[in-house]
Amino acid sequence: MSEIRTVGVCGAGLMGNGIAQTCAAAGFNVVLMEVAEEPLKRGLASITKSLDKFVEKGKLPQAERDATLARITTTTDVAGMKHCDLVIEAIVENVEIKTKLFQQLDDVLAPHAIICTNTSSLCVIELAAKTKRPNRVAGLHFFNPVPIMKLVEVVKTIATTQDVVDALFAFATKLGKEPILAQDTPGFVVNRLLIPYLLYAIRCLEGGLASKEDIDKGMKLGCGYPMGPFELLDFVGLDTTYYIAEIMFDEFKDPIMAAPPLLKRMVLAGRFGRKSGRGFYDYE
Ligand code: NAD
């Protein structure tokens, strides 16, 4: 097993730029890839802003901020990833687009390289099976905001070999994260438990159990959760929650994963939560 030195990150959006920053901050050389220069510029600007915040708060020396940025190079060409030992894909959640990228990566990467997806809802084995190295493909599921959130789910498919899982555990630990092992089923560990909880909170609201404010207060003060379910739904995005619930229900056919009517109607109304200015609460 060769050592992971250079990490490729595909996608410089919300998750990709956080992953790139975290890898570079941990001392890895990072190649950040995008479809065009513009999203790369935006991604780098987000990374710079985030690092500057750490410096302002006295959590990061200026020299380390500079060294972290210097470890990140960019490309708009998959061939630019050819020296990577590990590639983490964090592009749009679309199976056709991801499959195409996986095949391109498979063609340019060295045989020892590992390819991971940060997907929240797709079957990892479906992407792996389209490559010539299904045993070296896994899920590496980070949480938003990546530089802050400690957890990484390492997703083992029915084809992933144990040496790859071990390498990913060691890698996540070097990032300062806490890895856990999950099987390749929708929702992995966290969303498998979280989504039914959030959906049930909506059912309770629909049934008139209590106001959303009181349900949130109850779960915060009664369970010590930092956010109540409706605050969390607005934070995660109602559209994202609905999408993941649909995928989980489709796979397991378990009614606890069925989206309640109110959630569907709020999504249809464009009330996605914080990002659209309105969800269960008003942010305008
Ligand atoms: P995003 O829309 O912010 O970013 C996606 C980026 O991918 C865009 O900048 C786009 O230009 C780029 N892209 C598209 N096709 C590409 C290609 N072929 N090559 C390189 N770049 C390409 O999305 P996001 O929220 O960062 O999500 C990315 C992935 O992470 C998804 O699979 C999502 O399910 C997963 N995820 C998201 C979250 C979250 O909280 N948003 C959490 C965990 C996992």
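This section reports on the structure supplied with the text. (Residues numbered from 1 in each chain as written. Predicted model: local features only at pLDDT ≥ 70, side-chain atom pairs only at ≥ 80, totals over all residues. Heavy atoms only, no water.)

1. Side note on the site of the ligand
So the rule is basically this: We call a residue near a molecule or strand whenever a single non-hydrogen atom of that residue lies within 4 Å of it. N or O atoms within 3.5 Å of each other form a polar contact, as long as, within protein, one can give a hydrogen and the other can take it, and as long as residues adjacent in sequence are counted only when both atoms are side-chain atoms. Here, Shrake-Rupley sampling with a 1.4 Å probe gives the accessible areas, and only protein chains in the shown set may cover a residue. For helices the rule is a DSSP run of H or I covering at least 4 residues; for strands it is a run of E covering at least 2, with both sets numbered from the N terminus onward. We call Asp, Glu, Lys and Arg charged. Ala, Val, Leu, Ile, Met, Phe, Trp, Tyr, Cys and Pro are nonpolar, and the rest, Gly among them, are polar.
Neighbouring the ligand are 18 residues, the closest being Met15, Glu34, Glu93, Lys98 and Ser120. Here an oxygen atom of the ligand and a backbone polar atom of Leu14 are 3.0 Å apart. In this structure, a nitrogen atom belonging to the ligand sits 3.2 Å away from a side-chain N or O atom of Ser120. If the ligand stood free it would expose 840 Å²; the protein chains cover 74% of that surface. Among the elements of the structure, α1 (14-25) and β6 (137-142) are those that each provide at least two residues to the shell around the ligand. Looking at the shell around the ligand, its residues break down into 8 nonpolar, 7 polar and 3 charged.

2. Some thoughts on empty space enclosed by the protein
Spelled out, the test is: Only protein atoms enter the 1 Å grid, on which a cavity is a set of points fitting a 1.4 Å probe that cannot get out and a pocket is an open set with protein on both sides within 12 Å along at least 5 of 7 lines, lining residues being those with an atom within 4 Å of a point. Grid points are joined across faces, edges and corners, and a volume is the space filled by probe spheres set on the points.
The full count for this structure, using the stated rule, is 1 cavity of 30 Å³ or more. Among the residues forming the lining of the largest cavity, the class breakdown is 4 nonpolar, 4 polar and 1 charged.

3. Considering the pattern of salt bridges
How we decide: Any carboxyl oxygen of Asp or Glu within 4 Å of a side-chain nitrogen of Lys or Arg constitutes a salt bridge here. Any residue under 20% of the maximum accessible area for its type is buried, any over 50% is exposed, and the rest in between are partly exposed; the area is computed with a 1.4 Å probe on protein chains only.
One pass over the structure, following the stated rule, counts 14 salt bridges. Where Lys98 meets Glu89, a salt bridge forms, and the shortest distance between an N and an O atom there is 2.5 Å. Between Lys98 and Glu93 there is a salt bridge, with the nearest N and O atoms lying 3.5 Å from each other. A residue is classified by how much of its surface remains accessible, and Glu93, at 28% relative accessible area, is partly exposed. Through salt bridges that share partners, Asp106, Asp107, Lys132 and Arg133 make up one connected network.

4. Focus on the sheet that holds strand β3 (residues 72-75)
Convention followed: For two strands to pair, DSSP has to find at least two bridges joining them. With axes taken as lines fitted to C-alpha atoms, and helix axes fitted only over the stretch in contact, angles between N-to-C directions fall between 0 and 180 degrees. The contact definition used throughout considers only heavy atoms, calling two residues in contact when any of these lie within 4.5 Å.
Strand order across the open sheet formed by 8 strands is β3-β2-β1-β4-β5-β6-β7-β8, with mixed pairing between neighbours. Since the sheet does not close on itself, it has two edges, and those belong to β3 and β8 (178-183), each with one partner. Taken over all neighbouring pairs, the strand axes of this sheet differ in orientation by 25° on average, direction set aside. Pairing of strand β5 (residues 114-117) with β6 involves 3 bridges; the strand directions are parallel. If you follow Thr117 over to β6, its bridge partner there is Gly139. Along the sheet face, helix α2 (residues 37-56) touches β2 (29-33) and β3 and points at about 165° away from the line of β3.

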